[in-house]
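# Per-entry structural report
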Amino acid sequence: MLDISNYLHNAAVILVTLALVGTVLVMATRTRLRTPVEREAVTVGAGTSASRARPEEAAPSRLGWYIDRIVELALVALTVALVLRSLVTGHAPFANQFEFATAFAWAVLACYVYFEFRYQIRGLALLVLPIAAALLYYASNLEREVSPLIPALQNSLLLTLHVITAVIAYGAAAVSFAAAVLYLLHPRLHIRHLPKPEVLEEVGYRAIVLAFPMLTLMLILGALWADIAWGRYWSWDPKETAALVTWLIYGAYLHARVIAGWRGNRAAWLLILGFAAVVFTFLGNHWFGGMHSYA
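Everything numeric here is computed off the predicted structure, so don't read it as measured data.

Moving on, we come to the nonpolar core. In this structure, Leu109, Leu124, Tyr250 and Phe275 are the most contacted members of the largest nonpolar core, which totals 89 residues. Taken together, the elements giving at least two residues each to this core come down to α1 (2–29), α4 (62–89), α5 (97–119), α6 (125–140), α7 (156–185), α8 (197–230), α9 (238–258) and α10 (264–283). Among the elements that take part in this core, α7 stands out by supplying 19 residues, more than any other. If sequence neighbours within four positions are ignored, Leu124 has contacts with Tyr112, Val175, Ala178, Ala179, Leu182, Leu200 and Val203.

Spelled out as structure tokens, the structure:
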């Protein structure tokens, strides 16, 4: 079963890569920089049947439909791969960096599929798929062998709950990051069917509405587990500290948006900063060591 899991992981790498290449091709064929004369012609023609039938408002291409199916197939392949690995190891597939990176990629794809289905925003794939692909390529270069759990990880329930909340939060954060970057670049991009700025802003916000409670649960469960495994709730380990900073950034974003009414570029930059903190939390322990150096 472990071999099948590895084959499915490799298949997911290929599928995500194909989806990314296809997305770039679709968006490239829909990209056209208008000259001032063309922009004026569109403005003058507004309200006419010709203007209403502009190519920018045409239905999504057949290639785009196939790309969606490829992404969904990659998600299914990763899901089965993780399930099979769980059956082999006897615990959730979150015990080492290979498993966590694979689960992170799974969550990125799952959150993208959800938001793309809900908001019909295929343009997010321009930035979401590179993140998923990078995670899968990174995981492909890590050790895949199954080894016994170290003593600190020998709590199957907390291992599952703590890490699944983390990967869901990180996947949603990746979607918010993609929405924020596209929001900032929107005035400079001329891509047909690119989501409107207000839609991108809404998606970024909704993604953090999902991510922030998951981050909160992750920290609470992690503290409880730390007390069981190490005898104290908090040790200011680099990964713990980075996770807390990430939580504070997203908490500040929600406070600024809901209470202070932040919108636009300021809110988008906070989302980008938050995802930078997510990436640091994910990788930083390899540079700074600490009690989470095994992950």
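Before going further, it helps to examine the environment of Phe94. By the secondary structure assignment, Phe94 is in the loop between α4 and α5. For Phe94, a relative accessible area of 11% gives the class buried. Note: C-alpha distance between Phe94 and His162 (68 residues apart in sequence) is 9.5 Å.

A few words now on the packing of α4 against α5. In the contact formed by α4 and α5, the axes pass within 10 Å of each other and the chain directions differ by 145°. Our pair here, α4 against α5, has a crossing hand that is left-handed. Where α4 abuts α5, its residues Asp68, Val71, Glu72, Ala74, Leu75, Leu78, Thr79, Leu82, Arg85 and Thr89 lie against Phe98, Glu99, Thr102, Ala103, Ala105, Trp106, Leu109, Ala110, Tyr112, Val113 and Glu116. A per-class count over the contact of α4 with α5 returns 13 nonpolar, three polar and five charged.

Counting through the fold element by element, Ala268 comes out in helix α10. In the structure, Ala268 is positioned 88 residues away from Ala180 in sequence and 4.7 Å away in space, judged by C-alpha atoms. Sequence-distant contacts of Ala268, defined by excluding residues within four places in its chain, comprise Ala180, Tyr183 and Leu184.

With that settled, the discussion passes to the packing of aromatic side chains. Taken as a whole and judged by the stated rule, the model has 10 aromatic pairs. Here Phe100 and Phe282 contribute two aromatic rings whose centre-to-centre distance is 5.5 Å and whose plane-to-plane angle is 45°, an arrangement assigned as tilted. Residue Phe100 is found in helix α5, and its partner Phe282 is found in helix α10; the two are separated by 182 residues along the sequence. In terms of burial, Phe100 and Phe282 fall into one category: buried. Ring plane angle 55° and centroid distance 5.4 Å describe the contact between Phe104 and Tyr170, whose orientation is recorded as tilted. With a gap of 66 residues between them, Phe104 in helix α5 and Tyr170 in helix α7 connect regions that are remote in the sequence. Looking at Phe104, the relative accessible area reads 2%, which means it is buried. With a relative accessible area of 4%, Tyr170 lands in the buried category. Here the basic side chain of Arg257 rests over the ring of Tyr205, its NZ or CZ set 4.0 Å away from the ring centre.

For any two helices packed against each other, the geometry is given by the interaxial angle and the distance between the axes. The contact between α5 and α10 brings their axes to 11 Å, and the two run at 155°. In terms of orientation, α5 and α10 fall into the roughly antiparallel class. When α5 is examined against α10, the residues Gln97, Phe100, Ala101 and Phe104 are found in contact with a partner set consisting of Phe275, Val278, Phe282 and Leu283. Here the residues of the contact of α5 with α10 sort into seven nonpolar, one polar and no charged.

This part is about α8. In this model α8 runs 47 Å from its N-terminal to its C-terminal C-alpha over 34 residues, within 8% of the 50 Å that 1.5 Å per residue would give. Positive phi shows up at Gly231, right after α8, with a value of about 85°.

In total, this model carries five salt bridges according to the counting rule given. What you see here is one network of salt bridges that share partners, running through Glu202, Arg206 and Arg257.

This brings us to the environment of Gln154. Residue position: Gln154 is located in the loop between α6 and α7. For Gln154 and Ala95, which are 59 residues apart along the polypeptide, the C-alpha to C-alpha distance reads 9.6 Å.

This paragraph deals with the side chain of Thr165. Residue placement: Thr165 occurs in helix α7. Assessed through its relative accessible area of 7%, Thr165 is described here as buried. Among the polar contacts made by the side chain of Thr165, one reaches the main-chain carbonyl oxygen of His162 at a distance of 2.8 Å.

Another aspect to go through is α6. Between its first and last C-alpha, α6 extends 21 Å over 16 residues, near the 22 Å set by a 1.5 Å rise per residue. Buried residues of α6: Ala125, Val128, Leu129, Ile131, Ala132, Ala133, Leu135, Leu136 and Ala139, and no others. Elements in contact with the buried residues of α6: α1, α4, α5, α7 and α10.

Before going further, it helps to spend a moment on unusual backbone geometry. The phi dihedral of Gln120 falls on the positive side, at around 55°, and the residue is not glycine. Mapped onto the fold, Gln120 is located in the loop between α5 and α6.

What counts and what doesn't
Residues numbered from 1 in each chain as written. Predicted model: local features only at pLDDT ≥ 70, side-chain atom pairs only at ≥ 80, totals over all residues. Heavy atoms only, no water. Core = buried A, V, L, I, M, F, W, Y, C linked by side-chain atoms within 4.5 Å. Buried < 20%, exposed > 50% of the residue type's maximum accessible area, 1.4 Å probe, protein only. Helix = DSSP H or I, 4+ residues; strand = E, 2+ residues; numbered from the N terminus. Contact = heavy atoms within 4.5 Å. Axes fitted to C-alpha atoms, helices over the stretch in contact; angles between N-to-C directions. Left-handed = near helix turned anticlockwise from the far one by under 90°. Nonpolar A, V, L, I, M, F, W, Y, C, P; charged D, E, K, R; others polar. Phe/Tyr/Trp six-rings, centres within 6.5 Å; stacked < 30°, edge-to-face > 60°. Lys NZ or Arg CZ within 6 Å of the ring centre and 35° of its normal. Parallel < 35°, antiparallel > 145°, perpendicular 65-115°, else oblique. Expected span 1.5 Å × (residues − 1). Salt bridge = Lys/Arg side-chain N within 4 Å of Asp/Glu carboxyl O. Polar contact = N/O pair within 3.5 Å; in protein donor to acceptor, adjacent residues only side chain to side chain.

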